[in-house]
Amino acid sequence: MLRPNSERLWQEAKQCNCGSGDCSARNHRLCPICNEKMLYGSHFTNEKTRDSKFAWNIDLIVPKQDGGLWKLNNMRAVHIKCNKSRNNKDQSREYEK
Ligand SMILES: [Zn+2]
Ligand SMILES: [Zn+2]
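All residue numbers refer to positions counted from 1 along the written sequence of the respective chain. The order in which chains are written sets their letters, starting at A; the order in which ligands are written sets their numbers, starting at 1. Given that the model is predicted, a residue must reach a pLDDT of at least 70 before its local features are reported, and side-chain atom pairs must reach 80 or more before they are shown or counted; all residues, however, enter totals for whole chains, interfaces and linings.

(A) The environment of glutamate 7, seen in detail. Think of it this way: any DSSP run of H or I at least four residues long counts as a helix, any run of E at least two long counts as a strand, and we number them from the N terminus. Position of glutamate 7 among the secondary structure elements: in helix H1 (residues 4-12). For the pair formed by glutamate 7 and arginine 26, sequence separation is 19 residues and the distance between their alpha carbons is 9.6 Å.

Structural data, given as structure tokens:
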């Protein structure tokens, strides 16, 4: 189960139109950083798939160290790998606890 806010941020992420059979708003969304596909089932809290290249978590648009808050308008769904590249992976871990 995702937290309601994670669910909502997933739904707000950009639509994927890859055309595969399982492509739907529920299953596929696009990462705002790299514009590649994220898979709904590969959420951070799913230990089996969190290392997949499609895995995602919640990112702060304005990082905490720059004064960003855990408010919906400052949060978005991004790939874990892209989030890590921004050096703020610990923020998502904190949120999903
Ligand atoms: Zn798709
Ligand atoms: Zn990405």
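Moving on from the model shown.
(B) Local environment of the sheet that holds strand S3 (residues 37-39). Two strands make a pair as long as DSSP finds a minimum of two bridges between them. With respect to topology, 3 strands assemble into an open sheet ordered S1-S2-S3, the strand pairing being antiparallel. The two strands at the open ends of the sheet, each matched to only one other strand, are strand S1 (14-15) and S3. With 3 bridges connecting them, strand S2 (residues 28-30) and S3 associate as antiparallel partners. Following the sheet pairing, leucine 30 is matched in S3 by lysine 37.

Limitation: the analysis is restricted to geometry and does not speak to function.
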